[in-house]
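Structural features, examined
The lines below spell out each chain.
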Amino acid sequence: MAGILNVKKVCWLLFSALFLATDLNGERITEKIYQRIDDGFSCFRRLNGTHQIGCSSSQSGNVGVVHYVGTKMDFDWLLEVGPDAPYVVLLPPDLFRRENLMTLKNSGKVAGIVVLNQTDTTFHNPSPAPPYSNDLTCPNKITGLYRNDAFSSYCDSNPWNPAGDAILFEDFQFPIFFINETKLNQSVLLDDCYLKFNRPIEGTPPSYPLCAIELKAFMWAAVDTPTCLRRGRLNMLLNPQPSEYCDPLGNVNIFVPVLAANKSSGPIRNHSVIFVSARMDSASIFDGLSVGADTAITGMATLIAIADMINKFKFNITGQEIENVFLVLFNGEAFDYIGSSRMAYDMTLGKFPKPLKDEIPSQSPLIGLEHVKYWIELGSLAPHGDNKIYLHTDPKSRNDSRVNSNVMDLINVLIKNKGNLTAEPVSASIPLPPASLQSFLKKDLSIPGLLISNHKGAFTNQFYNNEWDTIQTISSSKLSKHLAEVAHTVSAAIYELANPGDTMPPNIVANVTLLESTLECYLVNANCSLFSWLLNGRNNIATGSILPTYVGVTHGDGAYKALSLRTRHLLAMVSGDPLDINKTACINSDHNEIYHYYWMGEYESNNSSGTCYRSTVKTSHAVSPAFEIEDYDWASGEYSSWTESRWETFSVRIFLKASSLQAVSIFVFGVVVLLLSFAVTYWVETNSALLFPPSPEAVAC
Amino acid sequence: MALLEFFGCAFLAFGPPLAMFLLTIAKDPIRIIILIASAFFWLLALLMSSLLWLVANTLNSPIVVGVVFSVLFQELFRYLIYLLLRKAEVGLKKLTESDTAIITNKNILAYVSGLGFGIISGTFSLVNVLADATGPGTVGLHGDSNLFFLTSSLTTLCFILLHTAWGVLFFHALDMKKFLPLIWVVTSHLLVSLLTLMNPSQLYLATILPAYAVLVVTALWAAGAAGASFTSLKKCLTSQPTTVQVRVED
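Residues numbered from 1 in each chain as written. Chains lettered and ligands numbered in written order. Predicted model: local features only at pLDDT ≥ 70, side-chain atom pairs only at ≥ 80, totals over all residues. Heavy atoms only, no water.

Looking at an unreviewed UniProt entry, chain B carries the name Gamma-secretase subunit Aph-1, with the source organism given as Daphnia sinensis. Under the UniProt heading Sequence similarities (unreviewed entry), the entry covering chain B gives this text: "Belongs to the APH-1 family." (UniProt positions renumbered as here; feature names shortened; annotations may be inferred.)

Identification of chain A as Nicastrin from Daphnia sinensis is taken from an unreviewed UniProt entry. Under the UniProt heading Sequence similarities (unreviewed entry), the entry covering chain A gives this text: "Belongs to the nicastrin family." The record held by UniProt for chain A lists under Subcellular location (unreviewed entry) the comment "Membrane".

Encoded structure:
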């Protein structure tokens with residue numbers, strides 16, 4: 001019995017092994033019909049308190065006949081002739097502009113748009129002619145400092161971002177994709193699809209079959225943030241598989257108190273902390289395409305260089321004048337100052353850095369707005385032709401004579417330490433450009449602060465919050481040297497403010513190598529040795545890819561948290577103290593709310609054994625207070641109310657679309673055959689006795 | 001638009017078998033059982049073919065080998081269902097109470113089992129194609145003919161009807177111990193199956209026209225085997241179909 005069973009078992013095993021071993025490659029007809037296109041970035045939907053912006057396809061995807069628009073003539077043909085609507089329009093990047101988009105949107109003939117970015121053999125993107133920005137002409141105006149006062153009109157007549165076409169805030173009822181194609185391979189969309197099937201010859205419409213494209217980017221959320229949140233709550237109650245429809249934009253602010261202070265040494269004095277801040281996010285229409293080279297990274301890289309310099313003289317900060325210096329990177333600033341407004345909100349409620357609790361002995365003392373002595377914000381800093389920096393201040397706070405004199409002190413100390421730079425204070429009557437500082441001044445006008453940037457009037461950054469704000473547009477031989485000089489100026493100024501009458505020792509210089517590798521990691525290739533070093537080789541990013549700086553959402557995928565993680569480790573390295581302990585001791589150290597221990601540099605290809613850094617780097621929530629406050633008035637514009645819709649998938653595929661004549665003929669043919677066969681079968685069946693008389697042979701059998 | 005094409009193709013391929021099933025099979029439970037049984041036998045043939053193909057595929061055999069053996073397996077299992085049905089005849093006689101036609105006329109059994117083979121093989125060959133015909137795209141982006149769905153449906157229909165005719169002819173040949181129709185069934189099955197190998201080179205007409213020619217020949221032969229002739233055709237064209245009532249009363 002057992003023997004038989006075993007034989008059975010063996011047979012079964014052999015059988016299964018045969019199945020598993022063979023590569024069962026079923027080719028479906030799908031592969032004859034469709035071709036997927038993978039290198040795409042999609043536009044998606046965001047919502048604020050009152051509106052929805054961005055794009056969405058229908059749930060099954062939008063289908064349209066492919067039409068390439070390269071010239072004005074193509075446009076006219078599409079709008080005036082174009083008999084095969086709906087179309088999906090292929091646009092070269094330079095034509096992806098407001099007037100064209102609006103024409104297409106209003107024509108009613110368009111089911112979607114694809115921005116076709118064809119890189120040439122050198123992989124050098126031919127970026128569109130500047131200036132080009134999709135943000136507003138007055139970014140973040142509605143939640144800014146001046147929204148209700150006389151200064152609000154300043155930007156209307158002297159826009160900070162004159163190139164802004166506000167496409168980012170437009171609501172499209174169709175999907176928009178950004179697709180990269182290299183000309184090295186034959187272009188799938190152009191050569192295999194449009195030119196082969198769809199090109200009108202001398203204005204005559206092409207004949208069927210036509211090449212069509214399906215764009216799928218269905219968005220679950222609609223209308224506005226309160227509606228979407230309400231629907232989400234309802235769904236959580238009623239649906240057996242509940243899911244929200246949208247998530248608040250949010251990430252983390254990263255900050256470093258340069259000196260570790262404990263609450264046990266008592267609360268700190270008012271006006272005794274210098275804040276240096278920069279933003280770490282930018283935005284674009286397309287998911288995953290937001291490098292923000294000048295919008296965010298130049299200021300951020302400078303802040304990291306400053307952290308590195310201050311770390312060298314932090315023990316010279318005696319506490320006489322200044323008790324601490326805070327270096328802050330704000331997140332979500334592109335969407336109505338999410339990070340800075342949250343930090344200001346937390347400060348006013350006594351929750352920054354963390355609410356004090358008696359049971360936790362190691363905590364930093366509370367920092368409130370009243371503790372701020374100076375605020376230095378770093379804006380866009382890429383040099384555009386000259387080595388000038390501009391110091392912007394706020395006229396509202398400078399009405400107060402104490403604030404005004406403090407601001408003058410700050411300006412003077414910066415100018416005194418300008419080195420080779422030219423530092424020019426902008427007229428005191430001109431309001432601040434878009435800056436995180438506005439969120440703090442909105443809460444407390446007694447903060448003396450200024451913004452250092454590379455523009456006096458309108459932005460010199462030609463691609464503010466645009467997917468083309470990349471290294472190419474700011475690349476110059478003196479970029480890192482210029483940023484190093486700004487870092488030097490700010491660090492020296494902080495040294496002098498902390499030690500009045502003293503100057504920074506000349507041996508403390510900005511680390512240009514650090515700046516260069518930072519810029520490389522953030523702007524050129526995120527699979528860089530610096531990031532790998534910080535993460536002990538576990539960087540896991542494809543070579544040549546660039547991490548998006550878009551703030552992202554607090555829920556779900558970690559794509560946008562990858563950048564925060566690396567930035568936090570980078571700050572821990574430049575601002576931390578290397579300790580002489582091994583890995584186990586490092587990981588098992590007493591991590592608390594003052595210190596955190598980072599084991600970094602155990603990186604094989606670097607042959608480095610690793611170092612333990614003790615750092616005061618912390619993160620705080622960068623989610624708008626609007627989502628914390630109960631019964632928040634969404635229409636008030638007090639805080640950012642942006643949410644991002646959830647979606648299931650982005651997909652693009654091309655295929656042929658048969659003419660309706662062919663489809664109808666096949667249908668009619670099929671129906672005729674069906675009816676005929678019923679008639680014939682019925683006739684044969686009723687006459688079967690006559691038609692098939694029992695044959696003598698059969699009877700014989 | 002693609003949905004129209006889908007329904008057109010579905011009606012085209014499965015319209016005639018549907019009519020045959022509803023009007024000639026569905027009325028009698030015994031016929032349904034036999035239809036399903038023969039469909040199951042075709043599935044067994046498919047299983048054998050796939051196992052063989054699994055092995056052959058690892059040896060990088062050309063697809064011709066698979067086709068030939070698949071045809072041989074199908075004919076083998078047609079023979080097996082023939083044996084089974086002849087064995088089961090005694091039992092069937094006990095089961096049938098109202099309709100004795102199925103016992104007296106052996107061709108009915110042959111027809112039912114042939115249709116069972118046809119329906120199941122047609123379903124297997126076309127369902128995946130039909131599923132992709134629902135759209136939004138049609139074949140042709142990579143240079144294939146955009147009449148792919150139509151030709152697939154026509155081929156499938158041809159095979160369903162062929163299987164029915166083959167079934168009648170095959171059973172008749174075995175009953176009569178005639179070898180010529182038997183050889184015709186096997187060779188024409190091989191011929192038509194091998195003809196479909198020309199489809200990848202898009203010689204659709206070269207497949208479909210001979211296949212339908214074979215269908216006409218086989219169908220006429222099978223009808224003749226079942227007793228039909230010009231005289232019987234003439235007779236029922238001229239006379240009124242009064243026989244219907246008679247059969248029902250039986």
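What follows concerns the confidence of the model for chain A. Residue and element names in this part refer to chain A. Of the residues in chain A, 92% reach a pLDDT of 70 or more, and the chain-wide mean stands at 87. This stretch, residues 1-5, has a pLDDT under 50; its non-local contacts, to residues over four places away or in other chains, come to zero contacts. Note on residues 13-26: pLDDT is under 50 here. Beyond four places in sequence and across chains, it has nine contacts. (pLDDT = per-residue confidence, 0-100. Contact = heavy atoms within 4.5 Å.)

Grouped together as the largest cluster of nonpolar side chains are 85 residues, with contacts concentrated most on V276, V325, L327, I452 and V490 of chain A. Ignoring sequence-local partners within four residues, the contact set of L327 of chain A consists of I254, F255, V256, V258, V276, L303, I306, A307 and I310 of chain A. With 65 residues, the next largest nonpolar core counts Y87, V114 and I654 of chain A together with L141 of chain B among its residues. (Core = buried A, V, L, I, M, F, W, Y, C linked by side-chain atoms within 4.5 Å. Buried < 20%, exposed > 50% of the residue type's maximum accessible area, 1.4 Å probe, protein only.)

Our next topic: the pattern of salt bridges. Residues and elements named next belong to chain A. Under the counting rule described, the total for this entry stands at 26 salt bridges over all chains. A salt bridge links D94 to R97, with the shortest nitrogen-to-oxygen separation between them at 2.9 Å. On the basis of relative accessible area, R97 is assigned to the buried category, the value being 16%. Residue R614 pairs with D577 through a salt bridge whose shortest N-O separation is 3.5 Å. Taken together, the residues span a long stretch of sequence, with R614 in strand β20 (residues 608-615) and D577 in strand β18 (residues 577-579) at a distance of 37 residues. The class for D577 is buried, based on a relative accessible area of 18%. Because the salt bridges share partners, they merge into one network encompassing R98, K105 and E170. (Salt bridge = Lys/Arg side-chain N within 4 Å of Asp/Glu carboxyl O. Helix = DSSP H or I, 4+ residues; strand = E, 2+ residues; numbered from the N terminus.)

Under the present numbering, the feature "transmembrane region" (unreviewed entry) in UniProt falls on residues 663-684 of chain A. A distance of 31 Å separates the end C-alpha atoms of residues 663-684 of chain A, which is 100% helix and 0% strand.

A packed helix pair is summarised by two numbers, namely the angle formed by the two axes and the spacing between the axes. Residue and element names in this part refer to chain B. Interaxial distance between helix α1 (residues 2-25) and helix α2 (residues 29-58) falls to 10 Å at its minimum, and their mutual angle equals 140 degrees. The orientation of α1 with respect to α2, classified from their angle, is oblique. Mapping the contact onto sequence places F21, T24 and I25 in α1 and R31, I32 and L35 in α2. Taken together, the residues of the contact of α1 with α2 sort by class into four nonpolar, one polar and one charged. (Axes fitted to C-alpha atoms, helices over the stretch in contact; angles between N-to-C directions. Parallel < 35°, antiparallel > 145°, perpendicular 65-115°, else oblique. Nonpolar A, V, L, I, M, F, W, Y, C, P; charged D, E, K, R; others polar.)

A few words now on the side chain of S364 of chain A. Residues and elements named next belong to chain A. Within the secondary structure layout, S364 lies in the loop between α9 (338-348) and β14 (372-378). Accessibility expressed as a relative area gives 12% for S364, which makes it buried. Setting aside its immediate chain neighbours within four residues, S364 contacts A261, K263, P353, L356, E593, I594 and K618.

Attention shifts here to the packing of aromatic side chains. Under the criterion given, the structure shown has 44 aromatic pairs over all chains. Here F255 of chain A and F326 of chain A contribute two aromatic rings whose centre-to-centre distance is 6.1 Å and whose plane-to-plane angle is 15 degrees, an arrangement assigned as stacked. Highlighted residues: F255 of chain A in strand β11 (residues 250-257) and F326 of chain A in strand β13 (residues 324-330), separated in sequence by 71 residues. With a centroid separation of 6.0 Å and 75 degrees between ring planes, the pair formed by F148 of chain B and F149 of chain B is classed as edge-to-face. Summarising the burial analysis for this pair, F148 of chain B and F149 of chain B share the class buried. By way of ring pairs, the aromatic residues F44, F169, F177, F335, Y550, W642, W647 and F650 of chain A are connected into one cluster. When the ring centre of F170 of chain B is taken as origin, the NZ or CZ atom of R78 of chain B, which lies over that ring, is 5.9 Å away. (Phe/Tyr/Trp six-rings, centres within 6.5 Å; stacked < 30°, edge-to-face > 60°. Lys NZ or Arg CZ within 6 Å of the ring centre and 35° of its normal.)

Bringing the pairing of strand β6 (residues 87-91) of chain A into the picture now. All names here are of chain A. Taken across its five residues, β6 has five buried, putting it largely inside the fold. Along β6, one buried face is formed by Y87, V89 and L91 and the opposite face, lined by V88 and L90, is buried too. As paired strands, strand β5 (residues 62-68) and β6 are joined by four bridges and run parallel to one another. Paired with Y68 across the two strands is L90, which belongs to β6. (Pairing = 2+ DSSP bridges.)

Residues and elements named next belong to chain B. The UniProt record annotates "transmembrane region" (unreviewed entry) at residues 6-25, 32-56, 62-85, 108-127, 147-172, 179-197 and 203-225. Along residues 6-25 the backbone is 100% helical and 0% strand, and the end-to-end C-alpha distance reaches 26 Å. Taken end to end, residues 108-127 comprises 100% helix and 0% strand; its first and last C-alpha atoms sit 28 Å apart.

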